[in-house]
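In case you want the letters, here they are:
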Amino acid sequence: MKVIKEILTCVVPFIVAALVWYPFMAIAGANFNPFEWGRDDRVFYFILSVGFGIMLLVRVMHIEERV
């Protein structure tokens, strides 16, 4: 059970980041269909998702240290 919790702790922030940044990409000019995105849109989405995921992961790890 502990291993599953650790895996979810590491993976969930990246999933949440991707879901959160998707609407922002649509506002920034990307189409709602990711298959029609250009290379620049995909790179921008990737950078934002990874950055936001890392921020969420750091937050989750910081909270676990306090508990």
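Residues numbered from 1 in each chain as written. Predicted model: local features only at pLDDT ≥ 70, side-chain atom pairs only at ≥ 80, totals over all residues. Heavy atoms only, no water.

Peer 1: Teacher, can you tell me more about the overall build of the protein here?
Peer 2: Looking only at helices and strands, one finds two helices and zero strands in the protein. Burial analysis of the protein (67 residues in total) assigns 18% to the buried set. At a minimum sequence separation of 6, the contacts of the protein that also span at least 24 residues come to 63%. A total of about 5300 Å² of accessible surface is found on the protein, and carbon and sulfur atoms cover 72% of it. (Helix = DSSP H or I, 4+ residues; strand = E, 2+ residues; numbered from the N terminus. Buried < 20%, exposed > 50% of the residue type's maximum accessible area, 1.4 Å probe, protein only. Contact = heavy atoms within 4.5 Å. Areas by Shrake-Rupley, 256 points an atom, 1.4 Å probe, with all protein chains shown as cover.)

Peer 1: Just checking my understanding: could you explain the environment of Val60 for this structure?
Peer 2: Along the chain, Val60 falls in helix H2 (residues 39-66). Considering only alpha carbons, one finds Val60 and Val12, 48 residues apart in sequence, at a separation of 10.0 Å.

Peer 1: Can you help me understand the side chain of Ser49 in this one?
Peer 2: Mapped onto the elements, Ser49 comes out in helix H2. Judged by its relative accessible area of 11%, Ser49 is buried. In contact with Ser49, not counting residues within four places along its chain, are Ala17, Ala18 and Trp21.

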